[in-house]
Amino acid sequence: MAHLVQAVHARRIWDSRGRPTVEVEVGLSNGVVGRGVAPAGASRGSREAVDLRDGGESLGGMDVQKALHNIRAHIAPAIRGMPIADRLSIDQRLMALDPSATRHEIGGNALIATSFAVLDAAARDASLPIWKYLSAGAEVRLPLPEIQIFGGGAHAGRRVDIQDFLVMPVGAQSFDEAMVMTAEVYRTAGQLMQEQGRRAGVADEGGWWPDFDSNEQALEMLARAITRAGYRFDQVAISLDIAASEFRHGGFYQLGLEGRRYTTDEWIEVLSGWIDRYPILSIEDPVAEDDTPGMQAFTQRWGDHIQIVGDDYLVTRAELVNAAAEQGACNAVLLKPNQVGTISETFSAMQAANRFGWGKVVSARSGETEDVMIVHLAIGWNAGQLKVGSFARSERMAKWNEALRIEEALGAHAVYAGRSGLPGCLRNPGQA
Ligand code: PGA
Ligand code: ZN
């Protein structure tokens, strides 16, 4: 007998920055209940789905009563009575409630929390873990993680301009070993900062607070931490999220820390120097979301050597992935479900990336909760890569720990993506 959506319950809960967020529970006619939680970004692309907030004085304008109201008044009546097994039709119904790209009427937070809750309910109804429900018997791999060691940009009061200094344990043999390597590098980086009197706490995503005199100094220290932890650069490589939209003003890339500004060409020279000097294997948003010529020039120069990920540049939208591939911009997509609104649309963006042989990085936001949905998406869709911030704070560790449980459940069938999670034919960072 088909089980139907019977009840949709919305509540306010709190995220890792102590801000309100949206949680939805979808109850089925057989008593099964699924849950979904909306994450929240701080360095957001202008084309992203809107995180609907109340504005005004209270809670800094961040309350989500409007989004909760939209779930109760518009979403619940629209999906009540629909068969849970027909998850795609439910997502279609959600999209139809607000067909605008930015979902500013209904709220991207209202949509994604519901879409997550529906998937959770469908998997529970099938008595399967979400990853297994999604994979439907197809090949899965444990993702190559991208893990932040130093935070920066919008996540650290702009103490440095570059947002994320991350590592990728490409040479691990298992996800479990990838976590061990990460733990060693994270701990060693903390020790190095301590020795230099620069350890000043952690940033929004759990990475060490970036108390550096230049952006490049963070790169130097990260490379040193990898070596001191006992790894080669073909085992643990560096990845950067530049989040360049955040510091492009009036057509220039303006580094606050160095007190300098660069044209697009000059900025690409700066990045190229870093790629020459450090074992960098991936760069996200090297230029701003509206700098198409810059992204084309950067991809032309480095696209055969390193992964180039579009985050603000692509905002998890299939049509932007298609357009970028046509323009020769990027060779990988960041997949943030709340950036577009529903799980189905996130999946479409991933399928578009698959057609071009691109890398696919399922990603959390800087505002998170203990929810682990994105880990299941990364594994169930066999995306190959997962990015959820640093190796500290439980809203981050909950995700890494969930992947470890899934690796154990897969037993002898567990395959760790490692380097195979990246697009093909990249350079060997050990020779950088
Ligand atoms: P956000 O940033 O979640 O704060 O928007 C994360 C990123 O830029 O990847
Ligand atoms: Zn980013």
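Note that the structure is predicted; figures quoted are calculated from it, not measured.

Q: Which parts of the structure should I look at to understand the overall build of the protein?
A: Across its full length, the protein carries 13 helices and 14 strands. Relative to the 2.2 N^0.38 estimate, which gives 22 Å for 432 residues, the radius of gyration of the protein is 21 Å and therefore close to what a compact globule would have. Taken along the three principal axes of its C-alpha coordinates, the protein extends 60 × 50 × 45 Å. Counting all 432 residues of the protein, 62% fall into the buried class. Sequence-distant contacts, at least 24 apart, represent 71% of the contacts inside the protein between residues at least 6 apart. Surface exposure of the protein reaches about 15,600 Å², of which carbon and sulfur atoms provide 48%. One way to put it: in the protein the 42 positive side-chain charges average out to a point 2 Å from where the 54 negative ones average out.

Q: Explain the site of ligand 1 here, please?
A: What surrounds ligand 1 is a group of 13 residues, the closest being A42, H155, Q163, R365 and S366. A distance of 3.2 Å separates an oxygen atom of ligand 1 from a polar side-chain atom of E284. Considered on its own, ligand 1 offers 280 Å² of accessible surface; in the complex 99% of this is hidden by protein. Residues that form the shell around ligand 1 fall into these classes: two nonpolar, five polar and six charged.

Q: Just to check I follow, could you spell out the pairing of strand β13 (residues 359-363) for this structure?
A: Looking down a regular strand, the side chains alternate between one sheet face and the other. Counting buried positions along β13 gives five out of five residues, so the element sits mostly inside the fold. Of the two faces of β13, the one holding G359, V361 and S363 and the one holding K360 and V362 are both buried throughout. Relative to β13, strand β12 (residues 332-335) is paired through four bridges, and the arrangement is parallel. Note that in β13 the partner of L335 across the bridge is V362. As judged from the four bridges shared by β13 and strand β14 (residues 384-390), these two strands associate in the parallel manner. In the strand pairing of β14, V361 is matched with Q385. Viewed along the sheet, the connection from β13 through helix α12 (residues 373-380) into β14 turns out right-handed.

Q: What am I meant to see in the packing of helix α2 (residues 87-97) against helix α3 (residues 108-125) here?
A: Pairs of packed helices are described in terms of their axes, by the angle between the two and the distance that separates them. Interaxial distance between α2 and α3 falls to 10 Å at its minimum, and their mutual angle equals 170 degrees. Compared by their axis directions, α2 and α3 come out roughly antiparallel. Judged by the twist between their axes, the crossing of α2 over α3 is right-handed. From α2, R87, I90, D91 and L94 reach across to α3, where they touch L111, T114, S115, V118, L119 and A122. Looking at the contact of α2 with α3 residue by residue, the classes come out as six nonpolar, two polar and two charged.

Q: Just checking my understanding: could you explain the packing of aromatic side chains for this structure?
A: A ring pair, where both rings are aromatic, is described by two values, the distance of the centres and the angle of the planes. One pass over the full model with this rule turns up twelve aromatic pairs. A centroid spacing of 4.6 Å and a plane angle of 15 degrees characterise the contact between Y186 and W208, whose relative ring orientation is stacked. On the criterion of sequence distance, the pair formed by Y186 in helix α5 (residues 175-195) and W208 in the loop between α5 and α6 (215-228) is long-range, its members being 22 residues apart. For the pair formed by Y186 and W208, the shared burial category is buried. Residues F247 and W267 carry aromatic rings whose centres are separated by 5.5 Å and whose planes lie at 85 degrees to one another, so their mutual orientation is edge-to-face. Linking F247 in the loop between β6 (237-241) and β7 (248-249) with W267 in helix α7 (residues 264-277), this pair joins segments that are 20 residues apart in sequence.

The rules we used
Residues numbered from 1 in each chain as written. Chains lettered and ligands numbered in written order. Predicted model: local features only at pLDDT ≥ 70, side-chain atom pairs only at ≥ 80, totals over all residues. Heavy atoms only, no water. Helix = DSSP H or I, 4+ residues; strand = E, 2+ residues; numbered from the N terminus. Rg over C-alpha atoms; globule rule 2.2 N^0.38 Å. Buried < 20%, exposed > 50% of the residue type's maximum accessible area, 1.4 Å probe, protein only. Contact = heavy atoms within 4.5 Å. Areas by Shrake-Rupley, 256 points an atom, 1.4 Å probe, with all protein chains shown as cover. Lys, Arg positive; Asp, Glu negative; His and termini not counted. Charge placed at Lys NZ, Arg CZ, Asp CG, Glu CD. Near = heavy atom within 4 Å. Polar contact = N/O pair within 3.5 Å; in protein donor to acceptor, adjacent residues only side chain to side chain. Nonpolar A, V, L, I, M, F, W, Y, C, P; charged D, E, K, R; others polar. Pairing = 2+ DSSP bridges. Right-handed = clockwise from strand over helix to strand, strands pointing away. Axes fitted to C-alpha atoms, helices over the stretch in contact; angles between N-to-C directions. Parallel < 35°, antiparallel > 145°, perpendicular 65-115°, else oblique. Left-handed = near helix turned anticlockwise from the far one by under 90°. Phe/Tyr/Trp six-rings, centres within 6.5 Å; stacked < 30°, edge-to-face > 60°.

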